[in-house]
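# Reading the structure
Chain residues, written in single-letter form:
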Amino acid sequence: LQRFVVLAGFALASFAPSLADTLELKNGRALTVARWWRSNDTIYYETDAGRIGIPATDVARIVPGEAATPRISSHPEPAEPSPSREQLDQRIEQLEVLLRREAIDSRRQEIQARLADSYTLRARSAKQQRQPELARDYLERALAAKPQHVVARLDLIWLLLEVGRTDRAQSVIAEGLTLTPSDARLLAASGEVRYRQNQIGEALADFRAAQSIDPTLPGLAERIVRLERESQSEADDSRRESQHFVVSFDGERDRVLAREIQDQLEVAWTDLARELDCWPQRAIPVVISSREEFGASTSSGPEVAGLFDGKIRLPVGGVTRVDQRLIQVIRHELTHAILHEKGAGRVPRWLHEGLAQLLEPRDAARDRERLRALAANGSLSISPFSYPTALSFVQHLETQYGRARLLWLVDRLAEVTAENEAFLQTYGLSQEEMLESWRRSLTERS
Ligand SMILES: [Zn+2]
């Protein structure tokens, strides 16, 4: 559903003070722009904070302004880099000073609108720099400056969802819907939150409402079809409640197998909650699918054993009883689910997959020779990501410093964002120093 975010970004509102052309958007909004031009399927216009592009299909019509603005042809402008962080910071500072000095209400609002644009762009740059907390801070400021800034609001919502702050995302959406009750993108975001909370019926209602307002919202139609299928199979007297899980079925059901899986889930929950020192309060959604259904709804190939995307997804096509392999898959995906909660969505992929494999349990010995060779020629790292390196590094942290420290690392990551800072606080050593000790342990031990 990332596509919504990208699209959302296109509609950044601008309030150019000079009289100029008006872009009337299909969603009912209008943008007065000093300069615009078209290149392929995108209409670009200038704001104080930088150049913005929106899909041409979003624009209903363009009303020429009265002023003698030079009309811009459809010929594309040379690509110009978006404003740098420094430029944005400078712009923000200037606007903040202006705002402090301005006493006239209408002018203050205009400055605040420009500030909101700049904060939003600055947040995106922070997000690109992997500084989600900073990004969040800028987006909150953008909304404080201009609560009706739908783009800032949507960016904030998706950011909150990414870091696992579903509750906060929900209140940001609710706030937005009181300001602009019929914004299709806000309704779609609300649907996404409901879906993640396993409220399929409510999610569907939101997605349908969004679609009725803006049928062109990308990805929405397919999303609704998939959810309708999911809700059908769930309503089909097949949803089973258990202590720590809400289990539903996608496709064929084998009741005996389902009961066995449920028992294994409970066993694994008790064990892994203790291993990870985290006892999730809310029931974890689990979807049991036949292999074909799993492939269709997750776009994954037969090599994927399971998946955690807010729900634990277990493909069981062709399986008639719970075997050791399936137990490992259950433990692996459940580790992701618990870790997601414990780490507030801030645990990096190498640590997620490293711990999930460690607790399957899977032994890193299998790949040791290969990793040792990599370590020996100095090219062993956890980036780019690979499963064997993630497991090996996490196993090293565990063997050398123990489980408790490993869990502190997760706690630190949940609180502070910077990975290296979390390493320093947990181990008294930087991440690079820990990686170095891992490489040494592989080459030194024979
Ligand atoms: Zn995994």
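In short, a report on the structure. Please read these numbers as outputs of a predicted model, since none were measured by experiment.

### A short note on helix 14 (residues 368-376)
Those residues of helix 14 that fall on the buried side of the exposure criterion are L371, R372 and A375. Burial along helix 14 is one-sided: seen end-on, the buried residues are contained in an arc of 105 degrees. Facing away from the buried side of helix 14 by more than 90 degrees, the exposed set consists of E369 and A376. Downstream of helix 14 by one or two residues, G378 has phi in the positive range, about 75 degrees.

### Topic: the environment of L88
Within the secondary structure, L88 sits in helix 2 (residues 85-101). Placed 33 residues apart in sequence, L88 and L121 show a C-alpha to C-alpha distance of 7.8 Å.

### Thoughts on the coordination of the zinc ion
Around the zinc ion, the protein contributes the donor atoms H332 (NE2), H336 (NE2), E353 (OE) and E353 (OE), at 2.1 to 2.6 Å from the metal centre. Coordination at the zinc ion is irregular: its four donor atoms span angles of 54 to 148 degrees at the metal. Here the donor residues of the zinc ion are spaced in sequence according to H-x3-H-x16-E. Linking H332 in helix 12 (residues 324-342) with E353 in helix 13 (residues 349-358), this pair joins segments that are 21 residues apart in sequence. According to the relative accessible area criterion, H332 is buried, its value standing at 10%.

### Regarding the nonpolar core
Residues I261, L334, W350, L351, F393, L397 and L409 are the most contacted members of the largest nonpolar core, which totals 56 residues. Beyond its immediate sequence surroundings of up to four residues, L351 is in contact with L339, V394, L406, L409, V410 and L413. L95, A116, I173 and L204 belong to the second-largest nonpolar core, a separate cluster that totals 44 residues.

Parameters and conventions
Starting from 1, residues in each chain are numbered consecutively following that chain's sequence as written. In view of the model being predicted, local features appear only for residues whose pLDDT reaches at least 70, and side-chain atom pairs are presented and counted only at 80 or more, with totals across whole chains, interfaces and linings using the full set of residues. To obtain the side-chain values, all non-hydrogen atoms of the structure were used and water was disregarded. Note on exposure labels: buried denotes an accessible area under 20% of the residue type's maximum, exposed denotes more than 50%, and partly exposed covers the range between, all computed with a 1.4 Å probe on protein chains only. Strands here are runs of E lasting at least two residues and helices are runs of H or I lasting at least four, both read from the DSSP assignment and numbered beginning at the N terminus. Each direction from the helix axis to a C-beta atom contributes to the arc, which is the arc of those directions. We call an atom a donor if it is N, O or S and sits within 2.8 Å of the metal, or 3.2 Å for Na, K and Ca. Water is not counted, so some sites may look partial. Each label reflects the angles at the metal, where four donors whose angles all fall between 85 and 135 degrees are tetrahedral, four or six donors whose opposite pairs open beyond 155 degrees and whose other angles stay between 65 and 115 are square planar or octahedral respectively, and the rest are irregular. Put simply, a nonpolar core is a bunch of buried Ala, Val, Leu, Ile, Met, Phe, Trp, Tyr and Cys residues held in one set by side-chain atoms that sit within 4.5 Å of each other. Throughout, a residue-residue contact means that at least one pair of heavy atoms, one from each residue, lies within 4.5 Å.

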